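Coordinate inspection notes
Each chain is listed here by its residues.
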Amino acid sequence: MAKPTANFRCTECGWTSLKWVGRCGECQAWGTVVEADAAPGKRVAAIVPKDGRQARPITEVSTTSAVYRPTGIGEFDRVLGGGIVPGAAILLSGEPGVGKSTILLELASRVAAKGTTVLYASAEESVNQVRMRAQRTNALHDTLYLASETDLSTVLGQIERLDPGLIIVDSVQTVASDTVDSLAGQPSQVREVASALIRVAKTRGVPVIIVGHVTKDGTIAGPRLLEHLVDVVAHIEGDRHTALRFVRTIKNRFGRSEEHTSELQSR
């Protein structure tokens, strides 16, 4: 007798079930169990990699491209271990209104001031709103490009057109892909958008900073898998009525985690 296969899977933690349930039996999340795309007997075809992607001895791998590049904000660089590594995927989380966008705009401005093309894709604010804040903080540079997009395909198109040296997407919960049949912010959408941006970071060797909101209990909104996909998870917190902000690293594949600072100020 054939063994029954799991036909439903939780998009939050990957838990599987033989039948649909409204609540995941593992992570207890509601509405995250969906029908899995089961394909019994289907095998993944082997592909011989091209010359540039073939496995090499570890002694022949160069580390010159994997060095820290300072952003110009000393305390933020210290929290990251020395700066931003090319090709790194960074998740910056925090409560709405804590100053994530303002600090990232300042970071984008300082990187652009060095002549690097920076793409700041804001899905929550119009380009006029971002421009007004940039004018207030003196963050105006010709190499800093703004785009107000909620569609993932359009964001990827902007990246292809500009070929930026730094990409900032604010925020991952407000960008959606038309290949996923759900609303923006849903676990499946967050996972798809984050995965696409991380692929861009790795294939182009360009650092990508993704903004993520947190829930009322202080956890990052979206699937738990999101924290495992990125290289660095930094969390910003502070009183929105004061200028002082605290930033700490929860995860850092390129350096120490649990590094923190209290020197950042949101203007």
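Scroll up for the structure.
Values in this document were obtained by computation on a predicted structure and should not be read as measured data.

With that out of the way, let us pick up the side chain of Gln-158. Looking at the element boundaries, Gln-158 is found in helix α4 (residues 152–162). If near-sequence neighbours (up to four positions away) are discounted, Gln-158 is found in contact with Leu-119, Ala-147 and Glu-149.

So, about the pattern of salt bridges. Inspection of the entire model under this criterion finds eight salt bridges. Note that Glu-106 and Arg-110 form a salt bridge whose closest N and O atoms lie 2.8 Å from each other. One end of the pair, Glu-106, and the other, Arg-110, are both in helix α2 (residues 100–112), four residues apart, so they sit about a helical turn from each other. The class of Glu-106 is buried, set by a relative accessible area of 14%.

Glancing now at the nonpolar core. Counting 31 residues, the largest nonpolar core has Leu-107, Leu-166 and Ile-209 as its most contacted members. Secondary-structure elements contributing two or more residues to this core are α1 (74–80), β4 (89–94), α2, β5 (118–122), α3 (127–136), β7 (166–170), β8 (208–213) and β9 (232–237). Ranked by the residues each element gives to this core, the list is headed by α2, at seven residues. Listed in part, the 28 residues of the second largest apolar core include Ala-147, Ala-194, Leu-197 and Val-230.

Let us look at α3. Within the span of α3, buried status applies to Val-130, Arg-133 and Ala-134. Projection of α3 onto a plane perpendicular to its axis shows the buried side chains occupying an angular sector of 100 degrees, all on one side. Away from the buried face of α3 by more than 90 degrees, exposed residues Asn-128, Met-132, Gln-135 and Arg-136 are located. Where α3 is buried, its residues meet α2, β5 and β6 (144–147).

To continue, consider the packing of α4 against helix α5 (residues 187–204). Close contact between α4 and α5 brings their axes to 11 Å; oriented N to C, the two are set at 15 degrees. By the angle between their axes, α4 is roughly parallel relative to α5. In this structure, α4 meets α5 at a crossing whose hand is right-handed. Contacts between α4 and α5 involve Leu-152, Leu-156, Ile-159 and Glu-160 from the former and Glu-192, Val-193, Ala-196, Leu-197, Val-200 and Arg-204 from the latter.

Take unusual backbone geometry next. Following Asp-170, the chain continues to Ser-171 via a peptide bond in cis, the omega torsion being 5 degrees. Here Ser-171 shows up in the loop between β7 and α5. A positive phi angle, near 55 degrees, is found at Asn-138, a position not held by glycine. Inspection of the secondary structure puts Asn-138 in the loop between α3 and β6. Residue Asn-138 is classed as exposed on the basis of its relative accessible area of 65%. Even without a glycine there, the phi angle at Asp-163 is positive, about 50 degrees. Within the secondary structure layout, Asp-163 lies in the loop between α4 and β7.

Criteria and thresholds
- Residues numbered from 1 in each chain as written.
- Predicted model: local features only at pLDDT ≥ 70, side-chain atom pairs only at ≥ 80, totals over all residues.
- Heavy atoms only, no water.
- Helix = DSSP H or I, 4+ residues; strand = E, 2+ residues; numbered from the N terminus.
- Contact = heavy atoms within 4.5 Å.
- Salt bridge = Lys/Arg side-chain N within 4 Å of Asp/Glu carboxyl O.
- Buried < 20%, exposed > 50% of the residue type's maximum accessible area, 1.4 Å probe, protein only.
- Core = buried A, V, L, I, M, F, W, Y, C linked by side-chain atoms within 4.5 Å.
- Arc of directions from axis to C-beta.
- Axes fitted to C-alpha atoms, helices over the stretch in contact; angles between N-to-C directions.
- Parallel < 35°, antiparallel > 145°, perpendicular 65-115°, else oblique.
- Left-handed = near helix turned anticlockwise from the far one by under 90°.

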